[in-house]
Amino acid sequence: TMQQTMQPNSGFFHGVDLEPHPLPSLPQHQHQQMLQPTTDFYAQALEAPSPQQLLQQVASNDLKVQGELASLRDRQRKLLSSPTKEALNILVQDQNSISASITTQLKILAEIHQTYILLPSELYTWDETNRLLDIKQKQLQLYQSETSSLLVPPQQPHLLALVIQRQPFPQVYFKEEQLGPNQLILQLITASAIDLAGADLQVQAALQGETFAQRKRKKKKADGEEKTIEAEVQRMNSFTGLADFPLKFLKASDRKAVRLQFLTTVQLVGPQQNVSLSVQSECSDPFFIICHQSQFEACEGELLKKKAFGDIPSVVCHSFVFAHLFSYTSIFPFFSSQLTHLHKRQPTLSRG
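Residues numbered from 1 in each chain as written. Predicted model: local features only at pLDDT ≥ 70, side-chain atom pairs only at ≥ 80, totals over all residues. Heavy atoms only, no water.

Asks: I tried to follow the nonpolar core on my own but got confused; where do I start?
Replies: Generally speaking, a soluble globular protein has its nonpolar side chains buried in company with each other. Ranked by internal contacts, the top residues of the largest apolar core, which has 29 residues, are Leu 184, Leu 188, Phe 245, Leu 260, Phe 262 and Phe 287. Of all the elements in the fold, those that place two or more residues in this core are strand S1 (160-166), strand S3 (185-190), strand S4 (201-208) and strand S11 (259-269). In this view, Leu 260 contacts Phe 169, Leu 184, Ala 205, Ala 206, Leu 207, Ile 229, Leu 247, Glu 282, Cys 283, Ser 284 and Phe 287; residues no more than four positions away in its chain are not counted. Val 65, Ile 102, Leu 109 and Tyr 143 belong to the second largest nonpolar core, which has 22 residues in total. (Core = buried A, V, L, I, M, F, W, Y, C linked by side-chain atoms within 4.5 Å. Buried < 20%, exposed > 50% of the residue type's maximum accessible area, 1.4 Å probe, protein only. Helix = DSSP H or I, 4+ residues; strand = E, 2+ residues; numbered from the N terminus. Contact = heavy atoms within 4.5 Å.)

Written out as structure tokens, the structure reads:
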């Protein structure tokens, strides 16, 4: 019978010990040591602040820094008329304090970028906060240069800076496509001694890229160089220091990435002489201008690599997803909302 054939000491099972034996047990202290790392990991994960909390913290500090910079500008402007070394040293200490605060907030934003996958709303909050803090840092550097020139008289201060306050790049555009209002905004920031109110200022945009440089050498119209963009000169609001650029792209970039750079000239009126200063912005993020739909995928992929990798050979996976969502937030809202927040030790992706 089946019962006979399955007896422990008969047939196939002869000599095999089938009696149940308890599994070897570890000493209690070793058992606790094995469980401790896992327990600590989850405890730390639960105690760690969420990206929403971190972004709220940075946004709150950003408002505080904005008020401190406005107060600093007023104090510094009054001090310039009759500076004393003691008052300047106090001013420098306040500048250093604000600088440390801005640096800390930028580090938190960089940590968020390296640690979390953000929802679409969080992603745009992160990007806008990062841009505005960067501009505030440049503004503070103008104030610091101004006071340094008083403490070290031969040193010439930096009085003006032209910054890109908002840009829609990186992006792929079709020839004859035009930017909408408030998509590309330039801002002129100044040291405390400069007052732009009532000034008549114009800002000019120019495309920077190897393709356009070659075109200008090879092909010129009778009335001058071939135009690549339209609405490239805009008047700046002298009270806000802002200029909006609804650019229209007239020529394709031959599947090569291009950037925009901006230039303005400011006439400074002094008690003894007038000075004309040319101020040039940094380049925008890269973008493509294409003629055909068939070029879209290759150009979009190239921009994704530039956004995710920059000049480094590999990145952690969620940094790649961060760049991907930045370009495709409107396409993948469900995908982004289902991703959990990742920790630092993640697999890497190589460029290629």
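Asks: What am I meant to see in the sheet that holds strand S9 (residues 242-244) here?
Replies: To summarise the sheet geometry, strands pair through backbone hydrogen bonds and adopt either a parallel or an antiparallel arrangement. The antiparallel open sheet is built from three strands, whose spatial order is S1-S3-S9. Looking at strand neighbours, the two that pair on one side only are S1 and S9, the edges of this open sheet. On average, adjacent strands in this sheet sit at an angle of 25° to one another, irrespective of strand direction. Taken together, the six bridges between S1 and S3 define a ladder with antiparallel strand orientation. Bridging across to S3, Ile 164 finds its partner in Leu 186. (Pairing = 2+ DSSP bridges. Axes fitted to C-alpha atoms, helices over the stretch in contact; angles between N-to-C directions.)

Asks: Explain the pattern of salt bridges to me, please; I cannot follow it from the model alone.
Replies: Side-chain pairs of opposite charge can arise where the charged atoms are in close proximity. Across all of its chains, the model carries nine salt bridges by this definition. Between Arg 77 and Asp 195 there is a salt bridge; the shortest N-O distance is 3.9 Å. In this pair, Arg 77 sits in helix H3 (residues 51-81) while Asp 195 sits in the loop between S3 and S4, placing the two residues 118 residues apart along the sequence. On the basis of relative accessible area, Arg 77 is assigned to the partly exposed category, the value being 39%. (Salt bridge = Lys/Arg side-chain N within 4 Å of Asp/Glu carboxyl O.)

Asks: It is not clear to me how the packing of aromatic side chains should be interpreted in this structure. Could you clarify?
Replies: The relation between two aromatic rings is expressed through the spacing of the ring centres and the mutual angle of the planes. For the structure on display, the rule yields six aromatic pairs. Relative to Phe 287, the ring of Phe 169 has its centre 4.3 Å away and its plane inclined at 15°; by these criteria the two rings are stacked. Note that Phe 169 is positioned in the loop between S1 and strand S2 (172-174) and Phe 287 in the loop between strand S12 (274-280) and strand S13 (288-290), a separation of 118 residues in sequence. Note on accessibility: Phe 169 and Phe 287 belong to one class, buried. Aromatic rings pair up to connect Phe 169, Tyr 173, Phe 249 and Phe 287 into one cluster. (Phe/Tyr/Trp six-rings, centres within 6.5 Å; stacked < 30°, edge-to-face > 60°.)

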